[in-house]
Amino acid sequence: MSPSDFLTLPFDDWVNSLVRDWLVPNFRPFFRSMQWPVTQVLNGLSAFLNATPMLVFTLALALVAWRTAGKGLALFTIVALSFIDVIGLWPETMTTLAMVVTAVLFCVVLGIPLGVLAARTEVFRAILRPILDIMQTIPSFVYLVPIVMLFGVGVVPGIIATIIFALPPIIRLTDLGIRTVREDLIEAAMAFGATPWQMLVEVQFPLALRTIMAGLNQTLMLALSMVVIAAMIGAGGLGLTVFTGLGRLDVGNATAGGVGIVLLAIILDRISQALGERRMVQVPSLLETMRSLFSLRGQKPAAEAKRAG
Amino acid sequence: MKSKIAGNNIYKIFGEDPSLALDLLAAGKSKDEIYEVTGQAVGVHNVTFRVAEGEIFVVMGLSGSGKSTLVRMINGLIKPSSGEILIDGIDVASCSDEELRTIRREKVAMVFQHFALFPHKTVVENVAFGLKIRGVKAAERRERAQSALEQVGLGARGDSYPDELSGGMQQRVGLARGLASEPEILLMDEPFSALDPLIRSDMQQELLELQRTLKKTIVFITHDLNEALTLGNTIAIMRNGAIVQTGNAEEIVGNPANAYVAAFTRDIDRSLVFKAGSIARPPDTIDLGTDIQSALAHMEETGADAVHVLKGGKLAGIITYKAANAALREGRALKSAVLEEFPSTSPQSRLYDLYLLAEAGLPIALTDDAGELIGVVRPQDVFQQLAVRGASA
Ligand SMILES: Nc1ncnc2c1ncn2[C@@H]1O[C@H](COP(=O)(O)OP(=O)(O)OP(=O)(O)O)[C@@H](O)[C@H]1O
Ligand SMILES: [Mg+2]
């Protein structure tokens, strides 16, 4: 005997009518318009990455890897990207990279301000936390249903699903990073008459940067893990290679796509980790980090000695 | 003198609603009793104080006596539960956020116990922080920060990061950061407590040296009475959130208000605290032209062993009773018995520095900057004053 003997609820019908009869007709234009910025960024990035010759891109990424993580990763980058090229997956890899970078970009743009806000206002944090918990416990597949209903199918809905899935860590770690800035430094800044904005820019954000970068790394990894799932609703790239390979029981193709994803993941993971692990405390801003990343003679001898010691 | 900072009946209760605790305090309950009833800590209990412009006001007390709470209320980092704190007549406790920010930017700087230097900024950027917050342009900021660094002897270390410096150097940076924005008031919360003893006394001397030229109004927190006595023009002793005695070093040591203060001061080396001026007697002089008989008569009358001699109103030497007597017997003039070498010092010198002078057995002349005789210290008085300690202990 069970409760269903007496009562059955048409839960699915309720949801259907909520989404179909209310949400979709009333908010579809709104959701459609949300796609616009994502589309713009994605198209720009895609065009850029596809227009960049393979050799140029490989060398550029290897250089970045060398500046951040050292010679080993630079070498690995060259070998891995060459391998991807020779197995014929270069265009797919660039498409995937464009998608992932787009998703992460939006995660940063949304996540950091939300994290800052959460760190500053208890109420906002209390509201945000359960939402993040839910976002992280829902299996990634489940996102796809409402996404498809509201946004339709295609690359951009796939990226939107990825953004939602990958957003929590960067919010959480921004919040954590800012809240764990040493109390006496906050007090010192306050004692000199800093406004809340000056406090954020001069003290809290730079000191939280290390933690925020760890959040960025996690977000990046989550975004990569959505690549195959996003392919189910029409996103292309390596995910599609794997997905169609699986569908046709074409083990070779599926494996090739999988290997491409893994290689890309390793490179991006190491670079973003190394970015976080550099002595962020000595680097005043993200901008500066980026600058030193691209300057060949970059680091000061002092910083070098520091790292050795 | 006009007071720069004034606190009137300040209370601070840590907790949501302090009214119950305030009532209990008014009813005469102790800090511990209040904690038991309300769960709230009494940080500061009915404190009233005045800090004169240009003085070093030292707040001294044991751990938990409320020193940090008090000093943080002066720049509004902590709001008092009741009472007012006036800086140049503006009440920090009740002014707007904007006014408070202006005060912090322009008038009051702070130096912290654990330095609180920003690890992501270079030394010179740390020092320039207050100026940056105020919106001073980069070039001017750097220049002023550099000159503040030079004031504390770290001109060459501007591009280092704080963690590359020793503790003493870091606190110099903290001091330079406080000085760079040229505040009128400097709040220092146990700035030297984290330093080892040698560096610490160096820093104390350096602070006094700086203060001679800068003439800031300084509120200095310490838990070390020796430090308080070395630095303070005025010293306030705190216990359980209340000020139990305020006075200068000689008053605190010479006249402790209660057994609590006396227990602190007992082990203090009094010779370092008391100034020569505190045991001086009015000057006793005769003119060089005086004849020997009347000189001897003068000394017999006052019971002095020696008397200073003036020549044309200027201090010229000293004559002892013995020498005068000998000169009389041998029929020499007074002038031949006058010693032109005699002990002399400033009324500001410590008794400690008088030991050597007192050994000559002659009265010590206290002279002002112009060389004018303004008082006399008898050698026996030096030792007597130092002996009081033995009697009261
Ligand atoms: N934020 C706070 N919340 C609750 N109680 C506090 C708080 N800050 C201080 N107190 C209490 O107020 C009292 C005075 O503390 P305060 O920090 O002013 O002492 P202090 O004299 O500076 O001591 P120390 O020499 O250890 O720095 C202590 O009993 C302390 O427990
Ligand atoms: Mg303290």
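Data block above holds the structure.
Presented here is an overview of the structure given in this document. (Residues numbered from 1 in each chain as written. Chains lettered and ligands numbered in written order. Predicted model: local features only at pLDDT ≥ 70, side-chain atom pairs only at ≥ 80, totals over all residues. Heavy atoms only, no water.)

**Some points on the overall build of chain A**
This is how it is decided: Numbering of helices and strands runs from the N terminus; a helix is a DSSP stretch of H or I covering at least four residues, while a strand is a stretch of E covering at least two. Classification of residues uses two cut-offs on accessible area relative to the type maximum, computed with a 1.4 Å probe and protein chains only: under 20% is buried, over 50% is exposed, and between them is partly exposed. We call two residues in contact whenever any of their non-hydrogen atoms come within 4.5 Å of each other.
The helix and strand inventory of chain A stands at 14 helices and zero strands. Seen in sequence order, chain A has helices and strands lined up from the N terminus as α-α-α-α-α-α-α-α-α-α-α-α-α-α. By residue count, 47% of the 309 residues in chain A fall in the buried class. Looking at chain A alone, contacts between residues at least 24 apart form 77% of all its contacts between residues at least 6 apart.

**Here's the deal with the pattern of salt bridges**
Residue and element names in this part refer to chain B. Under the convention used in this document: The salt bridge criterion pairs a side-chain nitrogen of Lys or Arg with a carboxyl oxygen of Asp or Glu, the two atoms within 4 Å.
According to the stated counting rule, one finds 25 salt bridges over all chains in the structure shown. The residue R72 makes a salt bridge to D189 at a minimum N-O spacing of 2.6 Å. Pair noted here: R72 is in helix α3 (residues 67-74) and D189 is in strand β7 (residues 185-189), with a separation of 117 residues, a long-range link. Judged by relative accessible area, which is 12%, R72 ranks as buried.

**Considering the interface of chain B and chain A**
Frequently, the measure chosen for interface size is the accessible area that the parts lose on association. To keep it simple, the criterion reads: Accessible area that two parts lose when put together, with a 1.4 Å probe and added across both, is what the buried area reports.
Counting residues at the interface gives 27 residues for chain B and 23 residues for chain A. Together, the buried faces of chain B and chain A total about 2,300 Å²; carbon and sulfur atoms form 58% of this surface. Applying the counting rule to chain B against chain A returns three salt bridges. For E202(A), the salt bridge is made with K121(B), and the minimal N-O distance between the two is 2.5 Å.

**Observations regarding the layout of surface pockets**
Residue and element names in this part refer to chain B. We count it as follows: Cavities and pockets were defined on a 1 Å grid built over protein atoms only: a cavity is a set of grid points that admits a 1.4 Å probe from which the probe cannot escape, a pocket is an open set flanked by protein on both sides within 12 Å along at least five of seven lines, and lining residues are those with an atom within 4 Å of any such point. Grid points are joined across faces, edges and corners, and a volume is the space filled by probe spheres set on the points. Gly is placed with the polar residues, together with every amino acid not listed as nonpolar (Ala, Val, Leu, Ile, Met, Phe, Trp, Tyr, Cys and Pro) or charged (Asp, Glu, Lys and Arg).
Space inside the second largest pocket adds up to approximately 720 Å³. Surrounding the second largest pocket, 23 residues form its lining, L229, T230, L231, G232 and K275 being those nearest its centre. Counting only elements with at least two residues in the lining of the second largest pocket, the list comes to α9 (197-214), α10 (225-231), α11 (249-254) and α13 (270-273). Ranked by residues supplied to the lining of the second largest pocket, first place goes to α10 with four residues. Counted by class, the lining of the second largest pocket contains eight nonpolar, eight polar and seven charged residues.

**Structural notes on the pairing of strand β13 (residues 314-320) of chain B**
Residue and element names in this part refer to chain B. Note the threshold: A pair of strands counts as paired when DSSP detects no fewer than two bridges linking them.
The pairing of strand β12 (residues 306-311) with β13 spans six bridges and is antiparallel. Residue pairing across strands places A306 opposite T320, the latter belonging to β13. Between the end of β12 and the start of β13, which pair antiparallel, lie two residues, with G312 showing a positive phi angle near 60°.

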